[in-house]
Each structure stands twice: as C-alpha cells, then as structure tokens.
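Listed here are the chains, written in short residue letters.
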Amino acid sequence: RPPRSTLFPYTPLFRSQWLAPATPDTRSSGIRLPGPSAPDGKTTDGAAATQPERSSAARADAERSLRDYLRVRARLELMRADTWAVEEWKAAADLVNQGDRGFGQRRFADSARLYAQALQVLQRVESERDARLVAALSTAQGALGKNQEKIAIENFRLALAIDPDNQAAEQGLQ
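Just so we're clear, the structure is a prediction, and the values are computed from it rather than from any experiment.

A.B. asks: Help me out: how do you make sense of the overall build of the chain in this one?
C.D. replies: A tally of regular secondary structure across the chain gives nine helices and zero strands. For the chain, the sequential pattern of α-helices and β-strands runs α-α-α-α-α-α-α-α-α. Burial status across the chain gives 30% buried among its 174 residues. Taking as baseline every contact in the chain between residues at least 6 positions apart, the subset at least 24 positions apart corresponds to 51%. Of the roughly 11300 Å² that the chain leaves accessible, carbon and sulfur atoms contribute 53%.

A.B. asks: Help me understand the packing of helix H7 (residues 129-145) against helix H8 (residues 149-162), please; the structure alone is not making it clear to me.
C.D. replies: Two measures define how a pair of helices packs: the angle their axes make with one another and the distance between the axes. As a packed pair, H7 and H8 sit with axes 8 Å apart at the nearest point and diverge in direction by 155°. As judged from the angle between their axes, H7 and H8 are roughly antiparallel. The interaxial crossing formed by H7 with H8 has left-handed handedness. Of the residues in H8, those touching H7 at Arg-129, Arg-132, Leu-133, Ala-136, Leu-137, Thr-139, Ala-140, Gln-141, Ala-143 and Leu-144 are Ile-151, Ala-152, Asn-155, Phe-156, Leu-158, Ala-159 and Ile-162. In terms of residue class, the contact of H7 with H8 is built from 12 nonpolar, three polar and two charged.

A.B. asks: It is not clear to me how the side chain of Asn-155 should be interpreted in this structure. Could you clarify?
C.D. replies: Of note, Asn-155 is situated in helix H8. Look at Asn-155 and you get buried, because its relative accessible area is 13%. The residues touching Asn-155, leaving out its near neighbours within four places in the chain, are Ala-136, Thr-139 and Ala-140.

A.B. asks: I tried to follow the pattern of salt bridges on my own but got confused; where do I start?
C.D. replies: Any two side chains of opposite charge can pair, so long as their charged atoms come close to each other. One pass over the full model with this rule turns up nine salt bridges. The residue Arg-107 makes a salt bridge to Asp-110 at a minimum N-O spacing of 3.3 Å. Owing to a relative accessible area of 31%, Asp-110 belongs among the partly exposed residues under this scheme. As a salt-bridge pair, Asp-130 and Arg-129 come within 3.7 Å of each other at their nearest N and O atoms. Through salt bridges with shared partners, a single ionic network connects Glu-88, Glu-128 and Arg-132.

A.B. asks: Help me out: how do you make sense of the packing of helix H5 (residues 86-104) against helix H6 (residues 108-127) in this one?
C.D. replies: Two numbers describe how H5 lies on H6: the axes approach to 8 Å, and their chain directions differ by 165°. By the angle between their axes, H5 is roughly antiparallel relative to H6. Helix-helix and strand crossings are classified by hand; for H5 and H6 the assignment is left-handed. Along the contact surface, H5 presents Glu-88, Trp-89, Ala-92, Leu-95, Val-96, Gln-98, Gly-99, Asp-100, Gly-102 and Phe-103, while H6 presents Phe-108, Ser-111, Leu-114, Tyr-115, Gln-117, Ala-118, Val-121, Leu-122 and Val-125.

A.B. asks: Please explain unusual backbone geometry as it appears in this structure.
C.D. replies: Backbone geometry at Arg-80 places phi at a positive 60°, although glycine is not the residue there. Inspection of the secondary structure assignment puts Arg-80 in the loop between helix H3 (51-78) and helix H4 (81-84). One non-glycine residue with positive phi stands out, namely Arg-106, at about 65°. Here Arg-106 shows up in the loop between H5 and H6.

A.B. asks: Explain the nonpolar core to me, please; I cannot follow it from the model alone.
C.D. replies: One recurring pattern in soluble globular proteins is that nonpolar side chains are buried together. Membership of the largest hydrophobic core comes to 32 residues, with the highest contact counts inside it found for Tyr-69, Leu-76, Trp-84 and Leu-122. Among the elements that take part in this core, H6 stands out by supplying eight residues, more than any other. The contact partners of Leu-122, leaving out residues within four places of it in the chain, are Tyr-69, Val-72, Arg-73, Leu-76, Trp-89 and Ala-92.

A.B. asks: Help me understand H6 in this model?
C.D. replies: Residues spaced three or four apart along an α-helix face the same direction, because each turn holds 3.6 residues. A rise of 1.5 Å per residue sets the reference length of H6, with its 20 residues, at 28 Å; its end C-alpha atoms lie 28 Å apart and thus fit the reference within 8%. For H6, the set of buried residues is Phe-108, Ser-111, Ala-112, Leu-114, Tyr-115, Ala-118, Leu-119, Val-121, Leu-122 and Val-125.

The rules behind these values
- Residues numbered from 1 in each chain as written.
- Predicted model: local features only at pLDDT ≥ 70, side-chain atom pairs only at ≥ 80, totals over all residues.
- Heavy atoms only, no water.
- Helix = DSSP H or I, 4+ residues; strand = E, 2+ residues; numbered from the N terminus.
- Buried < 20%, exposed > 50% of the residue type's maximum accessible area, 1.4 Å probe, protein only.
- Contact = heavy atoms within 4.5 Å.
- Areas by Shrake-Rupley, 256 points an atom, 1.4 Å probe, with all protein chains shown as cover.
- Axes fitted to C-alpha atoms, helices over the stretch in contact; angles between N-to-C directions.
- Parallel < 35°, antiparallel > 145°, perpendicular 65-115°, else oblique.
- Left-handed = near helix turned anticlockwise from the far one by under 90°.
- Nonpolar A, V, L, I, M, F, W, Y, C, P; charged D, E, K, R; others polar.
- Salt bridge = Lys/Arg side-chain N within 4 Å of Asp/Glu carboxyl O.
- Core = buried A, V, L, I, M, F, W, Y, C linked by side-chain atoms within 4.5 Å.
- Expected span 1.5 Å × (residues − 1).

So far we have only geometry, and geometry alone does not tell us how the molecule works.
Right, here's the structure in full:
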C-alpha cells in the first residue's frame, strides 16, 4: 500500500500555504469576519458562508472521494479486475476522467459526485467478485455438459482471471 503522501503529493502543501484557518477574526478594523461553516451553509456566528469556504469544503469532499476511489481501485488491480470486469472498469475510469476535468475547472462539487459514482462502481465489482466466480464456473460446467467447448473454455478462463488459484477452473481447462 503506497504511503498517503504519494496519493496526493500537493494537497498538504496547498492546505498549509494557501488555506488560512477559518476562525473568526477581528483584526484592527474591528470588523468581524465570518467563522467556520456549519453543515447548513451558515457560519457558526449566523452569517452566510462565503464562496471560498464552500469551495474549499467541496474541494476537500472531491479529494476524499478520489482518495477512496484510488484505494478500492488499487485493491481491485491486485485482483486483476481490469481483466474480468472490463466494462465496469472502463465506466469507472470514464467517470474519474470527467471528475478530473471538473476539478481542473474548479467544479469541485461535480467532481466529488463523479468520483463517488466511480467509487460505487468499483465497490460493486469488489462485492460481486465471488458471485461472478461462481457464475463463471457454473456456466462453464453447464457448457461442458452440452458439449459447448468454446463457451466452457471462455468461462473457465474467466474464473481463473477472477481467482488464479481456483482448482475447479484449472481442472476444467485440462
């Protein structure tokens, strides 16, 4: 597992150098600036949240969603999901690419939504892994019973892509 800093190498730098803490401020002018945002978009002192505060919260949400997506993707890469869940893998990648474009255009809320959708696609792939393995083996065994060798071989290979150590799939290919 890569260290956290390699996932978003510039995020800590950005936060520490460019984002000031959102605390009430009464500088020498005596004007009270709005405090930190509450979940309803208001600040803790009752004033409406400013656009930069909402933008930084949306950016943080987008970064969090992308980080979660990358973690699940890394787990699935180790399982070689890109070979046995090709359509879902491509769909998730397309959603992330759209999110990246939105992030570059400072549409952080849209990016967070797209990253979260991509995460859901990959989480579904991860949760359905065992069911896909059982279905591939079942289809392969059924095809063997009907003398459909080509279908059987395809499904045994799919089962091996899902689980490279699966003995039933290895025996089916022999």
